[in-house]
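So you can see what is in the structure, the chains are spelled out below.
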Amino acid sequence: MVKAVVRFTKKNHFSLVVFFVLLLMYAIHDVSTSAQAGVKEANRGTAHLYLIVLIAYMTIVTLKMTKFRLLDDRISYAVFSILIWVCCVNLINGASFWESMIYIAFSFWWLVVYKFSTFYCLNYYKSAKLFKVIVYMIFIVYVLVNLYSRFMIMVNFERDNAVTGYIYYVVTFLPFIMLVSNRIWQTILLGILLIMTITSLKRGAIIVLPLMLIVYFYLQAKLRNNIVLFFKKMILFVMILLPVLMIVDSKSDHFLSARFQSEELQSGSGRDVLYETAIHSIMDRDFVTFFIGTGSGSSVKLLDTGVHNEWLEILFSFGFMGVILYLSFLASLIAKFRYLKRIKSEYAPHFAMVIVYIFMVGLFGAFYWVHSAFFIFLTLGYLNYLEKNEKMKIEK
């Protein structure tokens, strides 16, 4: 195991500024050319270029900080194992070069992002506060991205209501928001997140956000040996949530409530057909294909879209072995959470929120190979830094 890097430099603001600028430019060009944001047939070349530069820059900085030692805990080993398996499966199946590169690049990027946020704050400890500030600035950027995508969808598709998938980018910032020490600012940011999530009209996000908060409030109360605090916060949360839901439903001409009707939930916007088709295809395979999968992008070739379930998607594309490796990734997160809970770390509730997000989003959508996963791995790395920093303070 690699020991925590000794803090050798007080600060390095320049690298963080470059990181923020590259991420900002990518976000702008991504949303301005994305079909998900209601933009029709736009050239995404510039967005892809900024993404490549961002990945390359973060990789160089991270390798320099870690001295090329990226594997030092169960989470990093689990992520690396998925990367190697994706490479092998795509090579065996002769998957398209572009699809293979996307999946391989993202699989590698998550490892880099995780280590970047951990070691940057450890090495340049006086830049750790700036790191947090930049994260909150990025949160605001993606709030604006969501508003822009809603406007574009309503204008270009002539709709009265816009269901925006970009809201998942915003929801991933919840653990960071709950790290804000100033209660006023935390309440403001949480209020923005809550309103943005409900007005996105995205069922998954509307379900996931309250679940993350319930888990956070419960674990925080347990840490403080004050379960009454949990019930007080839950009552307050429900008193705020219900009126907001009712107002948004009324303003959307009951479009929101219609999306939660039994017929809509059963079909899941066509998910039932996707699941059935994918399962039939998987069951018709021979043992070898069932074990290794059919490679990146193979589900899209069959369904014209993803499976919209992380487990089925991985089983379809990367086989039974891929599911085992993804389970090992989740197991590494759960093991880390149990360790934080055992030592009564104040960051255990934040870590639990990340696990809830990954698990729940994976049930009705995609997590691992989508852009919003960037902020989850950034959060995991930062929480890892906080835990290491907490440990070093105790040892002193």
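Residues numbered from 1 in each chain as written. Predicted model: local features only at pLDDT ≥ 70, side-chain atom pairs only at ≥ 80, totals over all residues. Heavy atoms only, no water.

**Remarks on helix α13 (residues 271-283)**
Along its 13 residues, α13 runs 18 Å from first to last C-alpha, staying within 8% of the 18 Å computed at 1.5 Å per residue. Buried within α13 are the following residues: Arg 271, Leu 274, Ala 278 and Ile 282. Projected onto a plane normal to the axis of α13, the buried residues spread over an arc of 60° and lie on a single side. Away from the buried face of α13 by more than 90 degrees, exposed residues Val 273 and Met 283 are located. (Helix = DSSP H or I, 4+ residues; strand = E, 2+ residues; numbered from the N terminus. Expected span 1.5 Å × (residues − 1). Buried < 20%, exposed > 50% of the residue type's maximum accessible area, 1.4 Å probe, protein only. Arc of directions from axis to C-beta.)

**Describing helix α10 (residues 227-251)**
The terminal C-alpha atoms of α10, which comprises 25 residues, lie 36 Å apart, in line with the 36 Å expected from a rise of 1.5 Å per residue. When we look at burial in α10, the residues that qualify are Leu 229, Phe 230, Met 234, Phe 237, Leu 241, Val 244, Val 248 and Asp 249. Tucked into the core, α10 has its buried residues touching α8 (183-199), α9 (203-223) and α11 (255-258). Asp 253, located one to two residues past α10, shows a positive phi value of around 60°. (Contact = heavy atoms within 4.5 Å.)

**Considerations on the side chain of Ser 296**
Turning to its location among the elements, Ser 296 is positioned in the loop between α14 (287-292) and α15 (298-303). What makes Ser 296 buried here is its relative accessible area of 4%. Here Ser 296 is in contact with Val 86, Asn 90, Ala 95, Glu 99, Ser 100, Tyr 103 and Phe 318, once residues within four sequence places are set aside.

**Looking at the nonpolar core**
Membership of the largest hydrophobic core comes to 135 residues, with the highest contact counts inside it found for Phe 19, Trp 109, Phe 329, Phe 367 and Phe 377. With 14 residues, helix α4 (residues 97-123) is the single largest residue contributor to this core. When neighbours within four sequence positions are excluded, Phe 377 is seen to be in contact with Val 79, Trp 110, Val 113, Tyr 114, Ser 117, Phe 329, Phe 367 and Tyr 368. (Core = buried A, V, L, I, M, F, W, Y, C linked by side-chain atoms within 4.5 Å.)

**Quick word on the side chain of Thr 379**
With respect to the helices and strands, Thr 379 occurs in helix α18 (residues 373-395). Among the polar contacts listed, one links the side chain of Thr 379 to the backbone oxygen of Phe 375, at a separation of 2.7 Å. Once residues lying within four places of it in the same chain are set aside, the contact partners of Thr 379 are Thr 172, Pro 175, Phe 176 and Val 354. (Polar contact = N/O pair within 3.5 Å; in protein donor to acceptor, adjacent residues only side chain to side chain.)

**A closer look at the pattern of salt bridges**
Under the defined criterion, the tally for this structure stands at four salt bridges. Several salt bridges converge on common partners, so that one network encompasses Asp 72, Asp 73 and Lys 115. (Salt bridge = Lys/Arg side-chain N within 4 Å of Asp/Glu carboxyl O.)

**Section: the packing of aromatic side chains**
One pass over the full model with this rule turns up 39 aromatic pairs. Here Tyr 368 and Trp 369 contribute two aromatic rings whose centre-to-centre distance is 4.8 Å and whose plane-to-plane angle is 70°, an arrangement assigned as edge-to-face. For the pair Tyr 368 and Trp 369, one class covers both residues: buried. For the cation-ring pair, Arg 159 lies above Phe 157, with the distance from its terminal atom to the ring centre recorded as 5.2 Å. Sitting above the plane of the Phe 316 ring, Arg 285 keeps its charged end 4.4 Å from the centroid. (Phe/Tyr/Trp six-rings, centres within 6.5 Å; stacked < 30°, edge-to-face > 60°. Lys NZ or Arg CZ within 6 Å of the ring centre and 35° of its normal.)

Nothing here speaks to function; it is geometry throughout.
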